[in-house]
Amino acid sequence: MPTLSIFPALVQNAALLLAMAFVYDVLTSRRRLGAWPLPAQMAVGAVLGLLGCIIMLSSWIYVPGIIFDTRSVLLGIAGLFFGVVPTAAAMTITALFRLFQGGAAALTGVAVICTTGAIGLLWRHFLRRPLEELSWRELYCFGLVVHLDMLAMMLLLPWPVARNVLAHITLPVLAIYPLATALLGMLMVNRLRREGLASELAAGEERLRLALAAANQGLYDLDVQTGEARVSPEYATMLGYDPAEFHETNASWIERLHPDDREPVAATYRDYIAGRISDYRVEFRQRTKGGEWKWILSLGKVVEHDDAGRPLRMLGTHTDITVRKQTEETLRLFKVLVENASDAIAMATPEGRHFYQNRAFTNLFGEVGENRPATLYLDQDVAREVFQTIMAGRRWSGEVRMYAKDRRVLNILLRAYANKDADGRIISLVGIHTDITDWKQAEEALRQSEQRFRSLVEEIPTIAVQGYDRERRIVFWNKASEQLYGFTKEEALGQRLEELVIPPAMRAEVVNAVSNWITRGITIPPGELLLQGKGGRPIHVFSSHAMQTNSLGEPVMYCIDIDLTDRKRAEEEKRHLQSQLLQAQKMESIGRLAGGVAHDFNNMLQTILGYCDLTLQQVDAGNPLHENLVEIGKAARRSADLTRQLLAFARKQTASPRVLDLNDTLAGMLKMLQRLIGENIDLVWVPGHDLWRVRIDPSQLDQILANLAVNARDAIADIGRITIATENAPLDAEFCATHPDCTPGDYVLLSVHDTGCGMDQTTLAQIFEPFFTTKEQGKGTGLGLATVYGIIRQNDGLLLVESTPRHGTTFNIYLPRVAEAPAESLPASVVTAPAGGTETVLLAEDEVAILNLAKAILELGGYTVLTARSAAAALERAQEHAGSIHLLITDVVMPEMNGHELARQLCARRPETRCLYMSGYTADIIARHGVLREGMHFIQKPFTVADFTGAVRRALDEQPKGG
C-alpha cells in the first residue's frame, strides 16, 4: 500500500480529535483544568476515554487487527494537562475498548495507550514551570517523543509485520501526529492562560474591593444623559444599605444629598459637564439608611463622549470623609477656643524658639516673633529653670514676673509643659500665662484691710465679735467678747461655739442652722438671743451674722453680738408692754390661720375666675348664658375681695398699688362693712361727683376701712350711724403750712364719721402710737390705728382726726390725685382678650386645676406651653426640650423644691429664660422664698385672664433681672 494513501486517513482522524477537543473545551469552559474532586476527575477521565473510543472507531486500518488513530495524541495530552486520575481512567477505558476490538495488534495497541499516557504524566511531573508557559515548539517536541514511543511499540509485533508497518506508517505518523499534539496542546495552554487571566482579574477585583472598603470608598458609573447612576457594593455598604436594596430606593443621586448641599453640588456638576471647570471635586452630605448624614468627597471624570463631543459617561469615586470633617471641626473649635482664651498661650520649639501665640498673649506681651520666650522673664534664672524642667518631661507651675509689651512688670501664674509625639520625642513647648497682677495687688490691699479690720474689731469696747469655722470652732474672739461672756481669748479659741456660749436647749437648733447656711445657703437671720456666759450666766444679746472665706477658700462665720442687758432691764420694767405684745402675737396666730385658709381659697377662686373669663370669651353677649357667667364672675370676685379683706386684717397681703376710682371700690366693700359693724348700726354711703383717681393697693384700702369701721362700732354703745363720704379736695399752701406732712396739690378726701362716744385730747394725742388702746384687756391689740396711719403715710397721704367726747369721731384721709385711668375701668361683664405671643413657656404648678387653666389661657394666646406638676418635672422637661424656653411661670411654694430654687437652677442652664412667679400664699410666706424683691415679676392668685396674660407679656418684654 503506498505510503501517501495513509495521509488522508490520519489527517481525518486527527481533525476529528481536534474537533471533539474543541467542542469539549467550549462545553467545559466554565470548569477549571486544575484540581477537582475525585468524582469530577473520574467523570473527566470517562469523557476522555469516550473520546478515545470514538476516534478508534474512525481509525485507519493497515490490515485487519492493526489500526492507527490519534488516541496516542489524546492520552499524551491527557497525561500532560489532566493529571493521574483522569488519565488513568481514560487509559483504562480506551485499553478495554481496544481489547474489545481485538486483532493481532490488540496488545500492541494497549501498550501504546499505556506508554503515551505515562509519557504525558512524567512530562507533567518533571516540568519545572507552569503548563500555561509551554510553547508551540515544546508541545511539538512532546508530540514527537510520544509518537516515537508509539512507533517503538510496533516492535512488539512480529518482526516482518513490524517492519512493514514501520515502513508505511513512520513518515505519516511523524508528519501528522506531533502537529496534532502541538495543536491540541496549544488549545489546552490557551485555556489555562484564560483561566489564569480570569483568576488574576478576580483577584484584582477582590483587592480593589478590599482597598475601596478599607479606604471607605465606592465607585460610581453615571449616565450623563439620563442621570442614572450605578454604584459599587462598597458605596452602598458605606451608606448602610444592602447593594440590591440601595438600587431599589429609586432616588436620583442628587435627591440623596442634604437639602443644603443639592444646589451647590448640582451647580459644580453642571459647570464640569459644560466644560467651564476642568476638575469635578465636591464635598456633600448624604443620608445613610439609619437616617444619619455622612460627609462624602466625590471625584469624577467624563470617560466617554458622543460624536458631537457631548459627555455620555462619567466614572468616579465617593470617599467617606465624615471622620475627617469631624476632625476638622474639632480642630477649628479648638483653635477658636485657644485663640479666644482669656489666658495667654504660647508655643515654642524644643530649641526654645517662639512660633505661636494667641490673641491674649499678643495683647499682654506683644508680638514676640521667633525670639526666645526667655527674653520676657524678669529673672533669667527662673526662665532657665522652667525650660530645664519641661525639657526633662515634667510640668512647671508657679508665679513668675515677666515684662508686658509696654515693659511693665507683671505677676504671671505660669503653667508650662512639653508636647510629645508617639515615640516620646518632645515636639513643642507650651506655656499658659495668667495675669494675676491685679489679683496680687488686691490680695495685698485685702491683707492691709484685714489688718485694719482686726485692729478695729479687736478694740471695739461694746460689740462682741466671734468667728467660727464650718466645724463651729472659735477662730476669732475680740476683747468685747471677753468682757461680755467672761472667757479669755485663750479659753475660747478652738472651742465649739455651742459648747461655749449656747444654752443646751438651743444647741441642736444652732448646729442645724449653721449646717443649712453652709450647705444650702439659708442665712441665719439677725435677732435677739438668750445666750450664756462663763458659769452659765444668762446674757441677752442682739445677734447678727455674716460669712466670709479665708485664704484657703473655706467659710468663716462671724457673729456680732450687742449686749441687750440694759434694754431687757427696761423691758422688765414695762410688763404691760409685754402683755400687749403677747396679745399681738395671738392675733398674728389668727392671721396665720386666715392666711392658710386664704391660700386654698385663692386656688379654688383662681379656677372659677379663670374658666369663667375663658368661657365669657367664647359666649356672645346675647347668649342667655352670658349673664349667668357674668354673675358667676362677680360672685367669684366678691369672694376674692373677701379673701383679701381677711388677709388685710391679718396684715399678710402683698402691696400692689393700682389706680382706683374710690367710689367704685368703696361701693363694693359696703356689704362686708355692714356685716362687720352689725345690724344695729346704720351705714351711710355719700359718694362724691366726678371723683379724681388715686393710687393705692385695694387690699390696703380694705384694711383701712375695716380698722376704722371696727373702731367706730366699738365706740357706739347701742345704736348709731357710720357715714362714709368722698369728695375732691384741693389743698393749698396755707392749709399745708399748718400740716407739715402735707404737700400742696389735688387730693381725694375719704371721710369716715361715727356717732360714738368720741375721744378727749389726751387720747387723741396717743391713738396712733403702737399698742395704745382704750379697750378692755383682751378686746384689742392697739395696732389698728397705727396700721392705718402707716398705710396712709406709705401712700403719701394725710390722716387727720376730729373728735369730741359724746359727739363722735371723724377720720379724714387725703390721698394724692393721679391723672391715669383706673386699672379696672372696664365693667365686670367685659373680658379683654388676653395679650398673646408665640414664645415657649414652661409652666410649673402642683395644683392640676390651675395648671390646666393656665395652660389653656396661654395656648389661647398663641404660646407654646410645656407643663410640669413639680419643680423636678419642670427641670426634666427643660432638659428634653431642644428649643428655647422664653419664660418660666412657676408657683412659689411647691413640694420638694420651691419656685425660686427652680428658677435659679433653670436660669443657670438657660440664662435667656425670664421668670414669672405666682402664688396664693400670703406675703410673709412668699417673702421667705425671696420672690418679692425689686425687679422680680409676681402675680397674686386669684387673678383674671387679662391680669395673667398681661403679666406674662410684661415678663417677656422686659429685660430679665435674675431668678
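Remember, it's a predicted structure, so these values are computed and weren't measured experimentally.

### With respect to the overall build of the protein chain
Phase 1: For the protein chain, the helix and strand inventory stands at 32 helices and 29 strands.
Phase 2: Buried positions account for 43% of the 963 residues belonging to the protein chain.
Phase 3: For the protein chain, contacts bridging at least 24 residues in sequence account for 62% of all contacts bridging at least 6.
Phase 4: Surface summary for the protein chain: the accessible area is close to 50500 Å², and the carbon and sulfur share equals 56%.

### Describing helix α3 (residues 71-81)
Phase 1: Counting buried residues along α3, eleven of its eleven residues qualify, which places the element largely inside the surrounding structure.
Phase 2: All buried positions along α3 are accounted for by R71, S72, V73, L74, L75, G76, I77, A78, G79, L80 and F81.
Phase 3: Residue G83 follows α3 closely and has a positive phi angle near 90°.

### Examining empty space enclosed by the protein
Phase 1: Per the counting criterion, the structure on display carries three cavities of 30 Å³ or more.
Phase 2: Here the largest cavity defines a volume of roughly 100 Å³.
Phase 3: In this structure, the largest cavity is lined by 14 residues; those nearest its centre are I67, F68, R71, V112 and M154.
Phase 4: The set of elements that each furnish at least two residues to the lining of the largest cavity consists of β2 (66-68), α3 and α5 (106-126).
Phase 5: By residue class, the composition of the lining of the largest cavity is eight nonpolar, three polar and three charged.

### Points about the sheet that holds strand β29 (residues 937-940)
Phase 1: An order of β26-β25-β27-β28-β29 is seen for the five strands of this open sheet, with the pairing classed as parallel. Strands at the two margins of the open sheet, each flanked by one partner only, are β26 (864-868) and β29. The mean inter-strand angle of the sheet, taken between neighbouring strand axes irrespective of direction, is 20°.
Phase 2: As paired strands, strand β28 (residues 914-919) and β29 are joined by four bridges and run parallel to one another. Within the sheet, the bridge partner assigned to Y917 lies in β29 and is F938.
Phase 3: Relative to β26, helix α28 (residues 848-860) is tilted by about 170°, and along the sheet it contacts β25 (840-844), β26 and β27 (887-891).
Phase 4: Here helix α30 (residues 899-909) sits on the sheet in contact with β25, β27 and β28, set at roughly 160° to β27.

### Focus on the nonpolar core
Phase 1: Counting 50 residues, the largest nonpolar core has L48, F68, F81, L134, L139 and I169 as its most contacted members.
Phase 2: For this core, the secondary-structure elements that each account for two or more residues are α2 (38-57), β2, α3, α4 (84-101), α5, α6 (136-153) and α7 (159-214).
Phase 3: Judged by nonpolar contacts, the second largest core, of 35 residues, contains L662, V694, M759 and I813.

### Some remarks on the sheet that holds strand β13 (residues 463-468)
Phase 1: Here we have five strands laid out as an open sheet, ordered β14-β13-β17-β16-β15, and antiparallel in their pairing. In this open sheet, the two strands that pair with only one neighbour each are β14 (474-477) and β15 (527-532). Neighbour-to-neighbour, the strand axes of this sheet turn through a mean angle of 35°, independent of strand direction.
Phase 2: Here β15 runs beside strand β16 (residues 538-549); their pairing, made up of six bridges, is antiparallel. Counterpart to E528 in the pairing with β16 is F542.

### Things to note about the pairing of β26
Phase 1: By the bridge criterion, five bridges tie β25 to β26 in an arrangement that is parallel. Pairing of L842 across the sheet is with L866, part of β26.
Phase 2: Handedness of the crossover joining β25 and β26 through α28 is recorded here as right-handed.

### Section: the pattern of salt bridges
Phase 1: Enumeration over the complete set of coordinates arrives at 27 salt bridges.
Phase 2: Measuring nitrogen to oxygen at the nearest pair gives 2.8 Å for the salt bridge that ties D271 to R276.
Phase 3: According to the relative accessible area criterion, D271 is partly exposed, its value standing at 26%.
Phase 4: A relative accessible area of 57% means that R276 is categorised as exposed.
Phase 5: Three or more residues joined by partner-sharing salt bridges are found here, namely R129, E133 and E138.

### Details of the packing of aromatic side chains
Phase 1: Per the counting criterion, the structure on display carries nine aromatic pairs.
Phase 2: Ring geometry for W123 against F142: centres 5.1 Å apart, planes inclined by 80°, an arrangement best described as edge-to-face. Of this pair, W123 sits in helix α5 while F142 sits in helix α6, placing them 19 residues apart in sequence.
Phase 3: Members of the aromatic cluster, each reached through a chain of ring pairs, are Y269, Y272 and Y280.
Phase 4: The positively charged end of R395 is found above the aromatic ring belonging to Y417, 4.4 Å away from the centroid.
Phase 5: Over the face of the ring belonging to Y403 we find R407, whose NZ or CZ atom lies 3.9 Å from the ring centre.

### Quick word on the confidence of the model for the protein chain
Phase 1: Of all residues in the protein chain, 82% have pLDDT values of 70 or greater, and the mean over the chain is 79.
Phase 2: The weakest mean pLDDT in the protein chain belongs to helix α31 (residues 923-928) at 61; the strongest belongs to β25 at 94.

### Here's the deal with the packing of α3 against α5
Phase 1: In the contact formed by α3 and α5, the axes pass within 6 Å of each other and the chain directions differ by 30°. By the criterion of interaxial angle, the relationship of α3 to α5 is roughly parallel. By crossing handedness, the relation of α3 to α5 is classed as right-handed. Here α3 contributes R71, S72, L75, G76, G79, L80 and F81 to the contact with α5, which in turn contributes G109, V112, I113, T116, G117, G120, L121, W123 and R124.
Phase 2: Residues of the contact of α3 with α5, tallied by class, amount to seven nonpolar, seven polar and two charged.

### Some words on the pairing of strand β12 (residues 426-435)
Phase 1: Where strand β8 (residues 344-348) and β12 come together, five bridges link them in antiparallel fashion. Its bridge partner being in β12, A348 is matched across the sheet by L429.
Phase 2: Two elements, strand β11 (residues 409-420) and β12, share nine bridges in a ladder whose sense is antiparallel. Bridge pairing in β12 links K420 to I426.
Phase 3: What sits between β11 and β12 in their antiparallel hairpin is a turn of five residues, with G424 showing a positive phi close to 85°.

### A word on the environment of T319
Phase 1: Locating T319 in the fold gives a position in strand β7 (residues 311-320).
Phase 2: For the pair T319 and G218, spaced 101 residues apart in sequence, the C-alpha to C-alpha distance is 6.5 Å.

Procedures and definitions
- Residues numbered from 1 in each chain as written.
- Predicted model: local features only at pLDDT ≥ 70, side-chain atom pairs only at ≥ 80, totals over all residues.
- Heavy atoms only, no water.
- Helix = DSSP H or I, 4+ residues; strand = E, 2+ residues; numbered from the N terminus.
- Buried < 20%, exposed > 50% of the residue type's maximum accessible area, 1.4 Å probe, protein only.
- Contact = heavy atoms within 4.5 Å.
- Areas by Shrake-Rupley, 256 points an atom, 1.4 Å probe, with all protein chains shown as cover.
- 1 Å grid on protein atoms, 1.4 Å probe; cavity = no way out; pocket = protein on both sides within 12 Å on 5 of 7 lines; lining within 4 Å.
- Points joined across faces, edges and corners; volume = space filled by probe spheres on them.
- Nonpolar A, V, L, I, M, F, W, Y, C, P; charged D, E, K, R; others polar.
- Pairing = 2+ DSSP bridges.
- Axes fitted to C-alpha atoms, helices over the stretch in contact; angles between N-to-C directions.
- Core = buried A, V, L, I, M, F, W, Y, C linked by side-chain atoms within 4.5 Å.
- Right-handed = clockwise from strand over helix to strand, strands pointing away.
- Salt bridge = Lys/Arg side-chain N within 4 Å of Asp/Glu carboxyl O.
- Phe/Tyr/Trp six-rings, centres within 6.5 Å; stacked < 30°, edge-to-face > 60°.
- Lys NZ or Arg CZ within 6 Å of the ring centre and 35° of its normal.
- pLDDT = per-residue confidence, 0-100.
- Parallel < 35°, antiparallel > 145°, perpendicular 65-115°, else oblique.
- Left-handed = near helix turned anticlockwise from the far one by under 90°.

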